[in-house]
There are 2 protein chains.
Amino acid sequence: MNPRSRSSSDHERVTVDIVIFTIRDTELQVLLVRRGIAPFEGNWAIPGGFVLPKESLDEAARRELREETGVEDVFLEQLYTFGDPERDPRGRVITVAYYALVSPDRAPPLAGSDAAEARWWPAAHTPAPLAFDHDAILATALERLRGKLTYTAIGFELLPKKFTLSQLQRVHEAILGEPLDKRNFRKRVDALGVVRPLKESVNSGAGRPAQLFSFGGRKPANAK
Amino acid sequence: MNPRSRSSSDHERVTVDIVIFTIRDTELQVLLVRRGIAPFEGNWAIPGGFVLPKESLDEAARRELREETGVEDVFLEQLYTFGDPERDPRGRVITVAYYALVSPDRAPPLAGSDAAEARWWPAAHTPAPLAFDHDAILATALERLRGKLTYTAIGFELLPKKFTLSQLQRVHEAILGEPLDKRNFRKRVDALGVVRPLKESVNSGAGRPAQLFSFGGRKPANAK
DNA sequence: TAAATAGTGTCTCTTAGACAATATTAT
DNA sequence: ATAATATTGTCTAAGAGACACTATTTA
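Residue numbers here run from 1 along each chain, matching the order of that chain's written sequence. All chains are assigned letters beginning at A, and all ligands numbers beginning at 1, according to the order in which they are written. Given that the model is predicted, a residue must reach a pLDDT of at least 70 before its local features are reported, and side-chain atom pairs must reach 80 or more before they are shown or counted; all residues, however, enter totals for whole chains, interfaces and linings. Calculated side-chain values reflect all of the structure's heavy atoms, with hydrogen atoms and water omitted.

Engineer: I tried to follow the overall build of chain A on my own but got confused; where do I start?
Structural biologist: Where helices and strands are cited, they refer to DSSP runs of H or I of at least four residues and of E of at least two residues respectively, numbered from the N terminus. A tally of regular secondary structure across chain A gives four helices and 10 strands. Helices and strands in chain A line up, N terminus first, as β-β-β-β-α-β-β-β-α-β-α-α-β-β. Relative accessibility decides the category of a residue: with a 1.4 Å probe and only protein chains considered, values under 20% of the type maximum give buried, values over 50% give exposed, and everything between is partly exposed. Burial analysis of chain A (224 residues in total) assigns 51% to the buried set. Restricting the contact set of chain A to residue pairs at least 6 apart, pairs at least 24 apart contribute 63%. Carbon and sulfur atoms provide 52% of the accessible area of chain A, an area that totals close to 11,000 Å². Note on contacts: a residue pair qualifies if any of its non-hydrogen atoms lie within 4.5 Å across the two residues. Per-residue and other accessible areas were derived by the Shrake-Rupley procedure at a 1.4 Å probe size, with only the shown protein chains allowed to occlude residues.

Structure (structure tokens):
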């Protein structure tokens, strides 16, 4: 018997769930929506929805992201697929989880095109328990994001196009949850060669004005 | 409208596909099955099958692995989920890809409990093109496996319980496709602290007998 | 004793981390 | 002047990589 010809029940559903991160108040936050209906009525959940028949998983994730926040063209990456048969009490629902990074100047203060209540929560202090297995999904997303920080400078995905190195450092500190040494941080960012100094600077209140940078490396990162 | 209540068509199917690696003839090989029916009749494919209603994705992957090779309790990890709507001409099939590492003493020489023809192929030289998007899945698996080698010593998952450091090095060389320095390799494996010397040694033909090792670190790897 | 395989140490260069003083602005 | 923020370099320790000889066995 060919493995592809084995049959299965017809009751699977596939969703995408998007862990949408932003930085607000120098803190890493996630967008959650409050469920208005059972199961888990009243609990907060990671936004998501069903994959439509003619769209790829990436397209479904981008569509959901747009519907929830209105943003496009942001960092979005597949995370992991969760398929425990008990994860949704209504039936078999397999969800492909994604995570997205949205800069605060593009993230709506209170998001959600759906009528459902939606708001940003500190990623480290979400209203427990979240619906379904969403606590596990969030934990996985945080782990991945922190992992990426150690060998990339992905933080600028959470900043406006022009940013200062102090802002970038604050983003990294917010995600890692620990202070970083300023000189070492700048050395590392410089070594990665992924940000480019602009000919502008800004001063925000008191203090010496800061050099502005933008994404875009000097050299093709690690070209051999 | 609550995101979870959005509806979708009923024609999704979810499969798991398992990229099963082994080492044969000091070469990294993958198990492929030849398709006996359309689509892609005659092409080789990564083994897989539908997820059953009451099993988790991991369980489905373990079951498929057992059915194809008879082995249990081997390294198995979720890889990525592929869901392009055109990937299967028969309809919407979303596949959660896994990869497994099977030691050659446990891997059947010619595997496949299904009647389908099955055999091992050199991972670097599979009969192109594979069915569906399986070339992309295999490429993703290879990338992940190589990535892991640079910061773990996962190679022993591809060896019998007792092995020599030379064997382990040959495994790493087979996966990376390049020779490694013997002294540096042993230094690194030692530093990882994940293998333990046994009180036995073996001699294989001519040459000095080799110390046997087994998996199991001296110290809890990187305990803080 | 020749051929085959196993085992071992040093030096260098790069990278990561600890660490403090000066520069520029607003008030 | 003081407060606030930005910017910059050195030293040390650890890790990565280049590199060659000795040890033990079989035939």
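Alright, that's what it looks like, and here's the rest.
Engineer: I keep staring at the pairing of strand β5 (residues 75-82) of chain A and nothing clicks. Help me out?
Structural biologist: Side chains on a regular strand alternate between the two faces of the sheet. All names here are of chain A. A large share of β5 lies buried, amounting to six of its eight residues. When DSSP finds two or more bridges between a pair of strands, those strands are recorded as paired. Sheet analysis places β5 next to strand β6 (residues 93-101), joined by seven bridges and oriented antiparallel. Its bridge partner being in β6, Leu76 is matched across the sheet by Ala100.

Engineer: I tried to follow the sheet that holds strand β10 (residues 210-215) of chain A on my own but got confused; where do I start?
Structural biologist: Sheet strands line up and pair through hydrogen bonds in the backbone, either parallel or antiparallel. All names here are of chain A. On the basis of which strands lie adjacent, the open sheet formed by three strands has the order β8-β10-β9 and antiparallel pairing. In this open sheet, the two strands that pair with only one neighbour each are β8 (162-163) and β9 (195-202). One ladder, built from five bridges, connects β9 with β10; its direction is antiparallel. Residue pairing for β10: Pro197 is matched across the bridge by Phe213.

Engineer: Would you mind going over the sheet that holds strand β9 (residues 195-202) of chain B with me for this structure?
Structural biologist: Residues and elements named next belong to chain B. With antiparallel pairing, three strands are arranged side by side in an open sheet as β8-β10-β9. The two strands at the open ends of the sheet, each matched to only one other strand, are β8 (162-163) and β9. Bridge analysis of β8 against strand β10 (residues 210-215) gives two bridges, and the strand direction is antiparallel. For Phe163, the partnering residue across the bridge sits in β10 and is Phe213.

Engineer: Just to check I follow, could you spell out the protein's contact with DNA strand C for this structure?
Structural biologist: The cutoff for a nearby residue is simple: one of its non-hydrogen atoms must lie within 4 Å of the molecule or strand. Taken together, the neighbourhood of DNA strand C is formed by 22 residues, with A:Asn184, A:Lys187, B:Ser166, B:Arg186 and B:Gln211 sitting nearest. Taken together, the sugar and phosphate atoms account for 44% of what DNA strand C places within 4 Å of the protein. Here a base nitrogen of DNA strand C sits 2.9 Å away from a polar atom, N or O, in the side chain of A:Asn184. Any pair of nitrogen or oxygen atoms within 3.5 Å is treated as a polar contact; in protein, a donor-acceptor pairing is required on top of that, and neighbouring residues in sequence qualify only through side-chain atoms on both sides. For DNA strand C, a phosphate oxygen lies 2.8 Å from a polar atom in the side chain of B:Ser166. Sorting elements by how many residues they give to the surface near DNA strand C places helix α4 (residues 182-192) of chain B first, with five residues. Ten residue types, Ala, Val, Leu, Ile, Met, Phe, Trp, Tyr, Cys and Pro, are classed as nonpolar, four, Asp, Glu, Lys and Arg, as charged, and the remainder, Gly among them, as polar. Of the residues in the surface near DNA strand C, the class split is five nonpolar, eight polar and nine charged.

Engineer: Just checking my understanding: could you explain the pattern of salt bridges for this structure?
Structural biologist: Where charged atoms from two side chains of opposite charge come close, those side chains can pair. All names here are of chain B. By definition here, a salt bridge exists when the distance from a side-chain nitrogen of Lys or Arg to a carboxyl oxygen of Asp or Glu is within 4 Å. The full count for this structure, using the stated rule, is 21 salt bridges over all chains. Lys148 is paired through a salt bridge with Glu77; the nearest N and O atoms lie 3.0 Å apart. In this pair, Lys148 sits in helix α2 (residues 134-151) while Glu77 sits in strand β5 (residues 75-82), placing the two residues 71 residues apart along the sequence. The class for Lys148 is buried, based on a relative accessible area of 19%.

Engineer: Would you take a moment to explain the side chain of A:Gln169 for this structure?
Structural biologist: Residue and element names in this part refer to chain A. Topologically, Gln169 is positioned in helix α3 (residues 165-176). Among the residues examined, Gln169 registers a relative accessible area of 8% and is labelled buried. Here Leu180 takes part through its backbone oxygen, which lies 2.8 Å from a polar atom of the side chain of Gln169. Apart from the residues lying within four places of it in its own chain, the contact partners of Gln169 are Leu180, Asp181, Lys182 and Phe185.

Engineer: Could you clarify how one ought to interpret α2(B) in this entry?
Structural biologist: Residues and elements named next belong to chain B. Each helix should span, by expectation, one fewer than its residue count multiplied by 1.5 Å. Here α2 spans 27 Å end to end across 18 residues, near enough to the 26 Å set by a 1.5 Å rise per residue. Listing the buried residues of α2 in full gives His134, Ile137, Leu138, Ala141, Leu142, Leu145, Lys148 and Leu149. Along the axis of α2, the buried residues cluster in a sector spanning 135°; they form a single face. Exposed side of α2, more than 90 degrees from the buried face: Glu143, Thr150 and Tyr151 are the residues found there. For this quantity, the arc is that covered by the directions from the helix axis to the C-beta atoms.

Engineer: When you look at a positive patch on the surface in this model, what are you seeing that I'm missing?
Structural biologist: Residues and elements named next belong to chain B. Like-charged residues within 9 Å of one another, or nonpolar side chains (Val, Leu, Ile, Met, Phe, Trp, Tyr) within 5 Å, are grouped into patches, provided each residue has over 30% relative accessible area and no salt bridge. Charge assignment in this entry is limited to Lys and Arg as positive and Asp and Glu as negative, and neither His nor the chain termini are counted. All charge positions are set by atom: Lys at NZ, Arg at CZ, Asp at CG, Glu at CD. A cluster of basic side chains, namely Lys182, Arg183, Arg186 and Lys187, defines a positive patch on the protein surface. Mapped onto the elements of the fold, Arg186 is located in helix α4. Residue Arg186 is classed as partly exposed on the basis of its relative accessible area of 34%.

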